[in-house]
Amino acid sequence: QVQLVESGGGLVQPGGSLRLSCAASGFTLDKASIGWFRQAPGKEREFVAAIRWIGGNSYYGDSVKGRFTIFRDSTKNAVHLHMNNLEPEDTAIYYCAAGAGGDQYARSDSYNYWGQGTQVTVTS
């Protein structure tokens, strides 16, 4: 059974940090692209970050550039999203996704496996 499981979400104060993790089972990520997307209530799903497993090239949405970093962990078949200097506007459900690859990393339809999401809430 193919499964992606996010973890690490929670409640954090503005300026704080969180690390999200996405663990894959049922398949390996060695030829995949892995993306993080987020969706806040009443808003469209937004691209956050992506990484190509081979080569490790990473990409970021404009709203998180310079604050978030995506990493691979090949020994655990997982990816991590380090989020720094969090703002209330970062509050959303964060989803990880995996796909076959390609260069359309910011498009949701480039991914065919999705996790159930993890809630990130940034508030004082």
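Structural data are supplied above this passage.
These remarks concern the structure in this document. (Residues numbered from 1 in each chain as written. Predicted model: local features only at pLDDT ≥ 70, side-chain atom pairs only at ≥ 80, totals over all residues. Heavy atoms only, no water.)

### Considerations on unusual backbone geometry
This is how the line gets drawn: Only runs of H or I of at least four residues qualify as helices and only runs of E of at least two qualify as strands under DSSP, and these elements are numbered from the N terminus. Any residue under 20% of the maximum accessible area for its type is buried, any over 50% is exposed, and the rest in between are partly exposed; the area is computed with a 1.4 Å probe on protein chains only.
Backbone geometry at asparagine 77 places phi at a positive 50 degrees, although glycine is not the residue there. Looking at where asparagine 77 falls in the secondary structure, it is placed in the loop between β7 (68-73) and β8 (78-83). Unlike most non-glycine residues, asparagine 85 shows phi in positive territory, near 50 degrees. Summarising the element assignment, asparagine 85 is placed in the loop between β8 and β9 (92-99). A residue is classified by how much of its surface remains accessible, and asparagine 85, at 45% relative accessible area, is partly exposed.

### So, the pattern of salt bridges
Basically, it comes down to this: Only one rule defines a salt bridge in this text: a Lys or Arg side-chain nitrogen within 4 Å of an Asp or Glu carboxyl oxygen.
Applying the stated criterion across every chain yields a total of five salt bridges. The salt bridge partner of aspartate 90 is arginine 38, with a shortest N-O separation of 2.8 Å. Placement of aspartate 90 in the loop between β8 and β9 and of arginine 38 in strand β4 (residues 33-39) is noted, with a sequence separation of 52 residues between them. With respect to class, aspartate 90 is no different from arginine 38; both count as buried. The shortest N-O distance in the salt bridge between aspartate 62 and lysine 65 comes to 3.1 Å. Comparing aspartate 62 with lysine 65 shows no difference in burial state: the two are exposed. The structure contains a network of salt bridges with shared partners spanning Arg38, Glu46, Arg67 and Asp90.

Spatial relationships are all this shows, so hold off on functional conclusions.
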